[in-house]
Amino acid sequence: MWAVVIEAPGRAVVKDVPEPEPGPDEVVVEVAMAGLCGTDLHLFEGGLPYPYPVIPGHEVVGTVVEVGSDVSGIEVGDRVALDPNIPCGECYFCRRMRFNHCLNWQGVGITRPGGFAWRVAVPSRVIYPIGDMPFEKAVFAEPLACVLYGVERAQPRIGDRVLLFGAGPIGLLLLQALKRAGAASVVVADVRRERLESAERLGADRTVPAGQEETLREGFGYDLVVEATGVPEVAGRCPDFAMPGGKVLFFGVCPEGATVPVRPFQIYRRDITILGSFALNWSLGQALEMLSVGAVQVEPLISHRFPLERFLEALALVREDREPRLKVLIQP
Ligand SMILES: [Zn+2]
Ligand SMILES: [Zn+2]
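Residues numbered from 1 in each chain as written. Chains lettered and ligands numbered in written order. Predicted model: local features only at pLDDT ≥ 70, side-chain atom pairs only at ≥ 80, totals over all residues. Heavy atoms only, no water.

A. The arrangement of the pattern of salt bridges in detail. Taken as a whole and assessed by the stated rule, the structure comprises 18 salt bridges. Of the charged contacts, one joins E30 and R119 as a salt bridge, the two residues approaching to 3.6 Å between their closest N and O atoms. Placement of the pair is E30 in strand β3 (residues 26–36) and R119 in strand β8 (residues 119–123), with a sequence separation of 89 residues. Using a relative accessible area of 37% as the deciding quantity, one classes E30 as partly exposed. Salt bridges here are not isolated pairs; linked through shared partners, they connect R192, E194, D321 and R325. (Salt bridge = Lys/Arg side-chain N within 4 Å of Asp/Glu carboxyl O. Helix = DSSP H or I, 4+ residues; strand = E, 2+ residues; numbered from the N terminus. Buried < 20%, exposed > 50% of the residue type's maximum accessible area, 1.4 Å probe, protein only.)

B. Spotlight on the coordination of the zinc ion (ligand 1). Surrounding the zinc ion (ligand 1) are the protein donor atoms C37 (SG), H58 (NE2) and E59 (OE), which sit 2.1 to 2.3 Å from the metal. Here the donor residues for the zinc ion (ligand 1) map to a single chain with the spacing C-x20-H-E. With C37 in the loop between β3 and α1 (38–45) and E59 in strand β4 (residues 59–67), the pair connects residues that are 22 residues apart, well separated along the chain. The same class applies to C37 as to E59, namely buried. (Donors = N, O, S within 2.8 Å, 3.2 Å for Na, K, Ca; no water.)

C. Region of the structure containing the packing of aromatic side chains. Within the structure shown, the criterion is met by six aromatic pairs. Between Y50 and W105, the aromatic rings sit 5.7 Å apart at their centres with planes inclined by 45 degrees, giving tilted as the arrangement. Highlighted residues: Y50 in the loop between α1 and β4 and W105 in the loop between β6 (85–86) and β7 (106–107), separated in sequence by 55 residues. Classification of Y50 by relative accessible area gives partly exposed; the value is 27%. Exposure remark for W105: the relative accessible area of 18% places this residue in the buried category. (Phe/Tyr/Trp six-rings, centres within 6.5 Å; stacked < 30°, edge-to-face > 60°.)

D. Spotlight on the domain arrangement of the chain. In terms of domains, the chain is made up of domain 1 (2–140 + 298–331) and domain 2 (147–276). Between domain 1 and domain 2, the C-alpha centre-to-centre distance is 28 Å. Of the residues lining the interface, 13 residues belong to domain 1; the matching set on domain 2 comes to 13 residues. Carbon and sulfur atoms supply 60% of the area that domain 1 and domain 2 bury against each other, a total of about 920 Å² over both sides. The largest contributions to the domain 1 side of the interface with domain 2 come from L301, R325 and L326, which together make up 46% of the buried area. Across the contact surface, domain 1 and domain 2 share one salt bridge. (Domains from an automatic or database assignment. Contact = heavy atoms within 4.5 Å. Buried area = accessible area lost by both parts, 1.4 Å probe.)

E. Focus on the sheet that holds strand β11 (residues 185–190). Across the sheet, which stays open at both edges, the six strands sit in the order β12-β11-β10-β13-β14-β15 with parallel pairing between neighbours. Each of the sheet's edge strands pairs with one partner strand only, and the pair in question is β12 (206–209) and β15 (273–276). Direction aside, neighbouring strands of the sheet carry axes that sit 20 degrees apart on average. For strand β13 (residues 222–227) and strand β14 (residues 242–250), the ladder comprises five bridges, and the chain directions are parallel. When the bridges of β14 are listed, V225 appears paired with V248. (Pairing = 2+ DSSP bridges. Axes fitted to C-alpha atoms, helices over the stretch in contact; angles between N-to-C directions.)

F. Up close: the environment of S72. If you trace the backbone, S72 turns up in the loop between β4 and β5 (79–82). The sequence separation of S72 and D25 amounts to 47 residues, and the corresponding C-alpha distance is 8.9 Å.

Here it is as structure tokens:
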């Protein structure tokens, strides 16, 4: 079968590889499509501490074509989404329900072969049947699950004033989830005009382009400030916009070694809470629930589709970040 293989940092090829065989507790999914995201870029650039070669692709949907001998409840022909995170269930953190920090964590498309391929084998316990939900919707289950976990971490209160930095695919999911979670208003700031237009269409109460951030200081500030750009300079300014008693959620992925200045007096004097949110923690079912009823719109987030053999073009589009872009899907 054909698959994208990152052979080493900076070197990706599309090539013929052996088809996966299901282990006793695994199923093989014929991939319908898979979303390309920043994690794939980090993997390509060598920013993640996992061994190569690897077949990337962790936002995967498709149809079950083979079922291992010990699998029950999933059948050939089932249309499914999958949670790429495979926790061990036994380690220090798994026993504290912090499965996203599992010490023996395996990731589909990260530590084991992923979905930028014709087929992928995964343990049945991370498979979620999607019924007749269109694949274009279900392919957002994984990024939305990360977003819902972040919203759970931030625990917005009904009526909150929220400020969101970043209106990429993740920011636009956060916007919608935060409104569903009870935010009275969500103000969205981004450097790209077309992304702010998307935010307006998806329910932003106000949008603020680059250079006008000072207007965000009007009033007392925000109950919750969400950072979804991954730009350290932006992250460093988030506490300034939180009102006394407010929270800051760092959701965007900053470079690992990045530092930002923090004024401890400001955090102390104004009762600021700073939160992180890493990946997801069994929130994929909730994400599918939201998608199935249309609580979150995802069709407007799809900007490009590439066949598998043009993966390198898709990667270049995301890396160079030149033309207007939101979510890029790869279709075998
Ligand atoms: Zn992702
Ligand atoms: Zn574990």
